[in-house]
Amino acid sequence: MKPRIGVTCTQVLRDDRLIGEISRAFTDAVTRTGGIPMVLPVLEGVDADDVIAGLDGLLLSGGGDVVASYYGGSPGEVEYSVDDARDAWELALVSAAREAALPILGVCRGVQVLNVAFGGTLIQHLPNITDISHRQLDKDLEIVHEVRVDPASMLARITGRQVFGVNSLHHQAVARPGSGLRPVAWAPDGVVEAVESTDRSAVLGVQWHPELLTDQPVHNRVFSWLVQASLERRDLVNAAAFDAPASSTEKVVGLVDEVA
């Protein structure tokens, strides 16, 4: 059975009805690399544990800005598509996924949600601190700048590269990394472009949109990593459940840490 990857979506008000939307590029990236995408509508945070129990991995997709109060900030001078309900839901999903040792990949907004969930903060508007344009929406399928990757990072092992080109569709970014996360890639101006777990757990966030560049192997490998890590985690959980009482989770989490 292919691993089930939960993919978060955006809430949109259309004809007075709230609907969920997700770019097909995200679900295609998951299926292309061997996973089954399970699109997750915005629910109440109390449902996060039950949802995560049915998944093997979690993909936090792109979208609007995170509500500033979640990381101790005030509303910024420029905000795009803030959605408190989505933020609360995704923060709950991250908490539940971490508890269950699920692999997590955050993309663009997703890396920002991930950082906030770990207790970090965000730069609210990049044009205030850099002359490089990081929000180039008309070039979403193009390389607009390079990123430099820590050669000792999990991201470097995943991509097999220490420098490569990315697109750039954001105006916010990681400021202070959350506890348990570390920056592992940077834009030419020093803006953080990726974070990953400081331990061996399978947690990665990237600021660009690799789902729009999957014709290039370096970006496709990010999704291959998520699918493979999710498959390995599921196999370890199943093996641990066979060998140990169902009420024991310590062995499962330890095994997952070893693989990730």
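For the structure itself, consult the block above.
Residues numbered from 1 in each chain as written. Predicted model: local features only at pLDDT ≥ 70, side-chain atom pairs only at ≥ 80, totals over all residues. Heavy atoms only, no water.

Q: Hey, could you run me through the overall build of the protein in this one?
A: Summing up its helical and strand segments, the protein has 7 helices and 13 strands in all. For 260 residues, the compact-globule estimate of 2.2 N^0.38 gives 18 Å, and the protein sits close to it at 17 Å. For the protein, the spread of C-alpha atoms along the three principal axes comes to 55 × 45 × 35 Å. Counting only residues that meet the buried cut, the protein has 51% of its 260 residues in that class. The long-range share in the protein, meaning contacts at least 24 apart out of those at least 6 apart in sequence, stands at 69%. Summed over all atoms, the accessible surface of the protein reaches about 11,700 Å², with 50% contributed by carbon and sulfur. Counting 21 positive and 35 negative side-chain charges, the protein places the averaged centre of each group 6 Å from the other. (Helix = DSSP H or I, 4+ residues; strand = E, 2+ residues; numbered from the N terminus. Rg over C-alpha atoms; globule rule 2.2 N^0.38 Å. Buried < 20%, exposed > 50% of the residue type's maximum accessible area, 1.4 Å probe, protein only. Contact = heavy atoms within 4.5 Å. Areas by Shrake-Rupley, 256 points an atom, 1.4 Å probe, with all protein chains shown as cover. Lys, Arg positive; Asp, Glu negative; His and termini not counted. Charge placed at Lys NZ, Arg CZ, Asp CG, Glu CD.)

Q: Just checking my understanding: could you explain the pairing of strand β13 (residues 203-206) for this structure?
A: The two faces of a sheet get side chains in turn, since along a regular strand they alternate between them. In β13, alternate side chains face the same way, and those of Val-203 and Gly-205 on one face and Leu-204 and Val-206 on the other are all buried. Taken together, the 4 bridges between strand β6 (residues 104-107) and β13 define a ladder with parallel strand orientation. Looking across to β13, one finds that Leu-105 is bridged to Leu-204. Pairing between strand β12 (residues 192-197) and β13: 3 bridges, direction antiparallel. Bridge assignment links Val-195 to a residue of β13, and that residue is Gly-205. In this structure, the hairpin formed by β12 and β13 is closed by a connection of 5 residues. (Pairing = 2+ DSSP bridges.)

Q: Would you take a moment to explain the packing of aromatic side chains for this structure?
A: Here a ring pair, both rings aromatic, is described through the centre-centre distance and the interplanar angle of the planes. Under the counting rule described, the total for this entry stands at 1 aromatic pair. Their ring planes at 75° and their centres at 5.5 Å tell us that Phe-164 and Trp-208 sit as a pair that is edge-to-face. Here Phe-164, found in strand β9 (residues 163-166), pairs with Trp-208, found in the loop between β13 and α6 (217-243); they are 44 residues apart in sequence, far enough to count as distant. By the burial criterion, Phe-164 is buried, and Trp-208 matches it. Residue placement shows Arg-98 over the ring face of Phe-118; its charged tip is 3.7 Å from the ring centre. Here Arg-135 stacks its cationic end above the ring of Tyr-80, 3.9 Å away from the centre of that ring. (Phe/Tyr/Trp six-rings, centres within 6.5 Å; stacked < 30°, edge-to-face > 60°. Lys NZ or Arg CZ within 6 Å of the ring centre and 35° of its normal.)

Q: Help me understand the layout of surface pockets, please; the structure alone is not making it clear to me.
A: There is about 570 Å³ of room inside the largest pocket. As for the largest pocket, its lining consists of 29 residues, and the residues nearest its centre are Thr-10, Gly-62, Gly-63, Gly-64 and His-209. Where the lining of the largest pocket is concerned, the elements lending two or more residues are β2 (10-14) and α4 (109-117). Its residues assigned to classes, the lining of the largest pocket comprises 8 nonpolar, 13 polar and 8 charged. (1 Å grid on protein atoms, 1.4 Å probe; cavity = no way out; pocket = protein on both sides within 12 Å on 5 of 7 lines; lining within 4 Å. Points joined across faces, edges and corners; volume = space filled by probe spheres on them. Nonpolar A, V, L, I, M, F, W, Y, C, P; charged D, E, K, R; others polar.)

Q: Explain the sheet that holds β9 to me, please; I cannot follow it from the model alone.
A: Think of a sheet as strands paired side by side through backbone hydrogen bonds, with each pair either parallel or antiparallel. Spatial ordering of the open sheet is given by β4-β1-β5-β6-β13-β12-β11-β8-β9, a layout of 9 strands whose pairing is mixed. Here the strands that pair on one side only, and so sit at the sheet edges, are β4 (36-40) and β9. Each adjacent strand pair in this sheet contributes to an overall mean axis angle of 25°, direction not counted. Along the sheet, helix α3 (residues 84-99) makes contact with β1 (4-8), β4, β5 (57-60) and β6, crossing β5 at roughly 150°. (Axes fitted to C-alpha atoms, helices over the stretch in contact; angles between N-to-C directions.)

Q: Would you mind going over the nonpolar core with me for this structure?
A: In a soluble, globular protein the nonpolar side chains are often hidden away together inside. Among the nonpolar cores identified, the biggest contains 32 residues, and Ile-52, Leu-58, Leu-60, Leu-93, Val-94, Ile-104 and Leu-114 are the most heavily contacted of them. Where this core is concerned, the elements lending two or more residues are α2 (48-53), β5, α3, α4, β11 (181-186) and β12. Ranked by residue count, the leading element in this core is α3, at 7 residues. The contact partners of Leu-93, leaving out residues within four places of it in the chain, are Thr-8, Leu-40, Ala-48, Val-51, Ile-52 and Leu-58. Ile-5, Ala-156, Val-166 and Leu-204 belong to the second largest nonpolar core, which has 30 residues in total. (Core = buried A, V, L, I, M, F, W, Y, C linked by side-chain atoms within 4.5 Å.)

Q: Help me understand the pattern of salt bridges in this model?
A: Oppositely charged side chains may form a pair once their charged atoms are brought near each other. Tallying each qualifying case throughout the model produces 9 salt bridges. The salt bridge partner of Arg-4 is Asp-56, with a shortest N-O separation of 3.2 Å. Here the residue Arg-4 occupies a position in strand β1, and Asp-56 occupies one in the loop between α2 and β5, the gap between them amounting to 52 residues. Overall, the relative accessible area of 1% leaves Asp-56 in the buried class. (Salt bridge = Lys/Arg side-chain N within 4 Å of Asp/Glu carboxyl O.)

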